Structure formats: structure tokens, C-alpha cells
Amino acid sequence: MSGKRVGVIGLGSVGAFTALELQQRGYEVVGFEAFGVANDLSAVGGDTRLFRRLYREGGAYYHLIERAYELWRELDKRLPTAFRECGALALVPEDSDYARDLEAYANEFNIEHEVLRGDELHRRFPQFTSCEGDVGYYDPCGGFVRTDLVVRDAFDRAEALGAQHIEATVTEVIPHQDGVTIRAEDGNSWEVDRVVVAAGARTTDILPQLAPYTRPRLQVMTWFQPDAPEDFRATEMPVFIREGDGFHAYGAPTLDGLHVKVSGLTEPRDAEFDGIAYDGQATLDDLRDCEATITRVLQDVHPVPVRTAVYPELYAIDRMFILDWLDAGQRVFVASAFSGKGFKMCNAIGELVAKILHDEAELPRAFSLTRFPGWVVE
Ligand SMILES: Cc1cc2nc3c(=O)[nH]c(=O)nc-3n(C[C@H](O)[C@H](O)[C@H](O)COP(=O)(O)OP(=O)(O)OC[C@H]3O[C@@H](n4cnc5c(N)ncnc54)[C@H](O)[C@@H]3O)c2cc1C
């Protein structure tokens, strides 16, 4: 095995699973985390993330999603409530690109689903505002993953197998002939054979050469109080995506028995970091946007959010993942820019990264850095 000691920078969604998969393959993982595993200033925050098998974003993700589905189901047996298969509904206008993309994906990969319209759609899912002109694609294998629970569990398992956890804010990774030097803000440095950078929205603080191809962004999450919360539980409703004229919202049934979560009611905005901090406050304009749009998504909910939270994420300019070596010597691997969709498959991404380092899998071309015009391997 070449490069036995591997630094994993960022123990969030993808880093925690990468650390576990590498450690399981016999590597000596040294995990670096600035703010604690599964912290609330990362894309792990906000309790849950949607999982869907019927996936609009296309075939590049097919193998990862299918593998993620197997792994979430396995994990849920050991860690009950980690994955709730309550179904996923995409509620979109008939004759929209979204509907056409879902049809194409379902046909190409033979994904089980139901197509619902009109009265039937309303009868099955009365939580949604009038569905006239909309078509619903119901994916019975969809659901939600409990984010902090699974990330924490992944790194706990890695640690139990011998992974090291270093609390440090990494500022630089410097590949050289014999390995990689990792430098941290506090002046400390470490030597490892290879590095995986999975620092989420803050990846470009460590790898500024990726800045032209990526943008750190902030997304507001909001929770609403339904008039009859019992109708918004996972036994009654699926996770959902609702797209309409000028809006794209997505959400999950109530976890606490009281509040239903809906995101996407405000436009994501560019993130600026000051050390660990970013502007994590929803604004009055955000609240007004939520109030104006929620009634187009769900009915019988109080339109003013009762809870808000803001989370960071790195977007690639083409909204595809980045999974690639940074350097010709294959010392520094980047696993980042999951562009608003990485959590559902972070377990499978971690496995794929470990397999690439272990020469068990090829680099996926669709996620390669060479797709960016002007990218030069160092
Ligand atoms: C509001 C919102 C809703 C979303 N909804 C969904 C959804 O429904 N389904 C879905 O599949 N995806 C969704 N996503 C996307 C998904 O959450 C992300 O793609 C995924 O979590 C990103 O994982 P990551 O490992 O890249 O980043 P993170 O999980 O943010 O992990 C990065 C880690 O690196 C650490 N770190 C950063 N800088 C340093 C440093 N210098 N030194 C050491 N450690 C550092 C951070 O503390 C953090 O722990 C959503 C994202 C957001 C923001």
C-alpha cells in the first residue's frame, strides 16, 4: 500500500466517511477538524438532508446514489432513525424541464416511481397547496438522513479503528517528493503521505487555486408550524421538492412532532468567512420572502418561520462535484464542491475516495478538475 498515513482535512459530511473508509482499508488516518466533528457551522447543520433515488441531476450520480441507498439502509439497521424512508415527492409543473429530466432518468435507470396528478395527488398528499397544472413524481425509496447523527457515528467508528483526531484549522497543504506538509493556523505542522481535502465551503481557504471554479454560498433553512402537526409527520408525508414559477423549495416532515422544515424559499447568497464565522443570520427580507412563498408550497402552516438557520456550502461553477487529484504526484486529493446535493451520497463518496486512493476505483471523469478550461495540474 503506498502512502499509508493519510491526512483528512475537514471531518464533516464527506470527510468523516472518507476517514472511516480509509481506516477500514488499513490506512493510518489523521483527521483535522477546525470546529468539532458534525458542527453546526458546516453543511452538516439543520438536522436532516433529503435522499432521493429518482434524481434529476443525471447519470453522473447514478452509481453513487444507488450505493448510498444500500449503505444508508445498512446503517439504519445498526443506528435506528439514521435514515427514514418516508418517500420523496417531486411536485413540478407538467411540461417542465424538471419533469422531462425525471422521466429521462427513470427510463434510463429503470427507477421505481409513481406519477400522480389532480385529485389523486391531492388525496394522497393534502399537505401541499393546490397542485393544479403540476405533476407529482413519487419515489418510494426517498426519505431523509439524520445528518449530525451519521457524521458523528462515522468518525466515532473511524476513531475506534485507530484514526487520530486533531483539532486544528488547516491553512496550507504543501505536497513534496516524500509526502505532504500540513500547516495549521496555530503554527503547528504535520507530515503525512497523502491528503484528502474535504473542507466544504472553506476549501478555497486551503486551496486558493480552486477559487476561480467555485463559490462558497449560504442557504437559509426555515421551520414552520402547521395547524395540525400530526398531518406533517413522516408517517403522513414524504420529503419533497416543489418547483413553480420563480421558486424552488424543498423540505422534510416534522422531526420534533411540531415543525415542518422547508428550505430554498430565499435565494442562496455568497458566503464570506471571517475565521470560523460567517453571517449566519436570516434577514428581515429573508423572512418576508419565506412568508410570501411558503403558501405556494404547503397549506395550513403558519406563514412566518418559527426557526431559521443559515448553512454554508461550496458550489462548483457548473454545479458538478470536484473529486480529483490536485497534483501530478497524486499527494493531494480534493473532495469538495458538492453544490447543494452531496449529503444524500456522502457515505458513498467517502467510499469512492478511499477506493481511488487504494487503487480500487477509477477517477470519475465527470467530476475531474480537467473539465475546467484553464485548469493546470500542479
Ligand atoms: C441548507 C442546505 C441544504 C441542503 N440540502 C441537501 C439535501 O437535502 N440533500 C443533499 O443531498 N444535500 C443537501 N445539501 C448539500 C450537502 O449538505 C452538502 O453537499 C454536503 O453536506 C457538503 O459536505 P462537505 O463534506 O463538503 O462539507 P461539510 O459537511 O461542511 O464539511 C466540511 C468540514 O470541514 C471543516 N473545515 C473547514 N475548513 C477547515 C479547515 N481549514 N481546517 C480544518 N477543518 C476545516 C468544517 O468545520 C466542516 O466540519 C444542502 C446544503 C445546505 C447548505
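Numbers given to residues run from 1 along each chain, matching the order in which its sequence is written. Two thresholds apply to this predicted model, a pLDDT of at least 70 for residue-level local features and 80 or more for giving and counting side-chain atom pairs, whereas whole-chain, interface and lining totals are computed over all residues.

Digging into the overall build of the chain
Working step 1: Along its length, the chain carries eight helices and 21 strands.
Working step 2: Over its C-alpha trace the chain gives a radius of gyration of 21 Å, about what one expects of a compact globule, namely 21 Å for 378 residues.
Working step 3: For the chain, the C-alpha atoms occupy an extent of roughly 65 × 45 × 45 Å along the three principal directions.
Working step 4: Taking all 378 residues of the chain together, the buried fraction comes to 48%.
Working step 5: Whether two residues are in contact depends on their C-beta atoms, placed from the backbone: they are in contact if these lie within 7 Å. The long-range fraction of contacts in the chain, counting pairs at least 24 apart against all pairs at least 6 apart in sequence, stands at 74%. The helix and strand labels rest on DSSP assignments: H or I over at least four residues marks a helix, E over at least two residues marks a strand, and numbering proceeds from the N terminus. Atoms considered for the radius of gyration are the C-alpha atoms alone. The globule rule reads 2.2 Å times the number of residues to the power 0.38. Each residue is classified by how many other C-beta atoms fall within 10 Å of its C-beta atom, where C-beta atoms are placed from the backbone; a count of 20 or more means buried, 12 or fewer means exposed, and values in between mean partly exposed.

What to know about the site of the ligand
Working step 1: We count a residue as near a molecule or strand when its backbone-placed C-beta atom lies within 6 Å of that partner. Near the ligand lie 38 residues; those nearest to it are Gly 10, Gly 12, Gly 200, Phe 338 and Gly 342.
Working step 2: Secondary-structure elements contributing two or more residues to the shell around the ligand are helix H1 (13–24), strand S2 (28–33), strand S3 (48–51), helix H6 (203–206), strand S14 (214–224) and strand S19 (307–316).
Working step 3: If one sorts the elements of the shell around the ligand by residue count, H1 sits on top with three residues.
Working step 4: Residue ranges assigned to the domains are those given by an automatic or database domain assignment. Here the shell around the ligand spans two domains, and each of domain 1 (5–44 + 148–212 + 318–371) and domain 2 (85–140 + 215–316) adds at least three residues to it.

Here we look at the UniProt feature "domain: FAD dependent oxidoreductase" (unreviewed entry) in the chain
Working step 1: UniProt positions are given in the numbering used here, feature names are shortened, and annotations may be inferred rather than shown by experiment. In this numbering, the UniProt entry assigns the feature "domain: FAD dependent oxidoreductase" (unreviewed entry) to residues 6–355.
Working step 2: When the span residues 6–355 is considered, its composition is 25% helix and 31% strand, and the gap between its end C-alpha atoms is 13 Å.

A word on the environment of Pro 229
Working step 1: As for its placement among the helices and strands, Pro 229 is situated in the loop between S14 and strand S15 (239–244).
Working step 2: Sequence spacing of Pro 229 and Val 14 is 215 residues, and the spatial spacing of their C-alpha atoms is 33 Å.

Points about the pairing of S19
Working step 1: Among the ten residues that make up S19, seven are buried, leaving the element largely enclosed by the rest of the structure.
Working step 2: Strands were regarded as paired on the criterion that DSSP finds at least two bridges between them. Pairing analysis gives ten bridges linking S14 to S19, with the strands arranged antiparallel. Residue Gln 219 lies in a different strand from S19, and its bridge partner there is Tyr 311.

Some thoughts on the nonpolar core
Working step 1: Nonpolar cores are identified as sets of buried Ala, Val, Leu, Ile, Met, Phe, Trp, Tyr and Cys residues joined via C-beta atoms within 7 Å. By size, the foremost hydrophobic cluster in this structure holds 116 residues, and its most contacted members are Ile 9, Ala 19, Val 195, Val 196, Val 197, Ile 349 and Val 353.
Working step 2: Looking at which element gives the most residues to this core, the answer is helix H8 (residues 346–357), with eight residues.
Working step 3: Two domains each donate at least three residues to this core, and these are domain 1 (5–44 + 148–212 + 318–371) and domain 2 (85–140 + 215–316).
Working step 4: In this view, Val 353 contacts Thr 18, Val 196, Leu 323, Phe 333 and Ala 335; residues no more than four positions away in its chain are not counted.

A short note on the domain arrangement of the chain
Working step 1: Partitioning the chain into structural domains gives domain 1 (5–44 + 148–212 + 318–371) and domain 2 (85–140 + 215–316).
Working step 2: Averaged C-alpha coordinates put domain 1 and domain 2 at centres separated by 29 Å.
Working step 3: The interface is formed by 19 residues belonging to domain 1 together with ten residues belonging to domain 2.
Working step 4: Among the elements that line the side of domain 1 that touches domain 2, the one with the most residues is H6, at three residues.

Quick notes on the packing of helix H2 (residues 62–78) against H8
Working step 1: Here, axes are lines fitted to C-alpha atoms. For helices the fit covers the stretch in contact, and angles between N-to-C directions go from 0 to 180 degrees. Remark: H2 packs on H8, axes separated minimally by 7 Å, with the N-to-C direction vectors making an angle of 110°. When the interaxial angle is binned, H2 and H8 end up roughly perpendicular. Within the contact between the two elements, H2 uses Leu 64, Arg 67, Ala 68, Leu 71 and Trp 72 and H8 uses Asn 347, Ala 348, Ile 349, Glu 351 and Leu 352.
Working step 2: Charged means Asp, Glu, Lys or Arg here, nonpolar means Ala, Val, Leu, Ile, Met, Phe, Trp, Tyr, Cys or Pro, and polar covers whatever is left, Gly included. Tallied by class, the residues present in the contact of H2 with H8 amount to seven nonpolar, one polar and two charged. The cut-offs work like this: below 35 degrees is roughly parallel, past 145 is roughly antiparallel, 65 to 115 is roughly perpendicular, and the gaps in between are oblique.

Section: unusual backbone geometry
Working step 1: Residue Asp 95 is not a glycine yet carries a positive backbone phi of 65°.
Working step 2: Examined against the element boundaries, Asp 95 turns out to sit in the loop between strand S5 (88–93) and helix H3 (97–109).
Working step 3: Of note, Asp 300 is a non-glycine position whose phi angle comes to about 60°, a positive value.
Working step 4: Locating Asp 300 in the fold gives a position in the loop between helix H7 (284–294) and S19.

Remarks on the sheet that holds strand S4 (residues 83–84)
Working step 1: The antiparallel open sheet is built from three strands, whose spatial order is S3-S8-S4. The strands lining the two open edges of the sheet, one partner per strand, are S3 and S4.
Working step 2: The pairing of S4 with strand S8 (residues 143–146) spans two bridges and is classified as antiparallel. Note on S8: the bridge partner recorded for Phe 83 is Val 145.

Here we look at H8
Working step 1: By this rule the span expected of a helix is its residue count minus one, scaled by 1.5 Å. Under the 1.5 Å per step criterion, the end-to-end length of H8 is 17 Å for twelve residues, consistent within 8% with the ideal 16 Å.
Working step 2: Among the twelve residues of H8, eleven are classified as buried, and the element is accordingly described as predominantly covered.
Working step 3: For H8, every residue scored as buried is listed here: Cys 346, Asn 347, Ala 348, Ile 349, Gly 350, Glu 351, Leu 352, Val 353, Ala 354, Ile 356 and Leu 357.
Working step 4: Buried residues along H8 sit in contact with strand S1 (5–9), H1, H2, strand S13 (194–197), strand S20 (322–325) and strand S21 (332–336).

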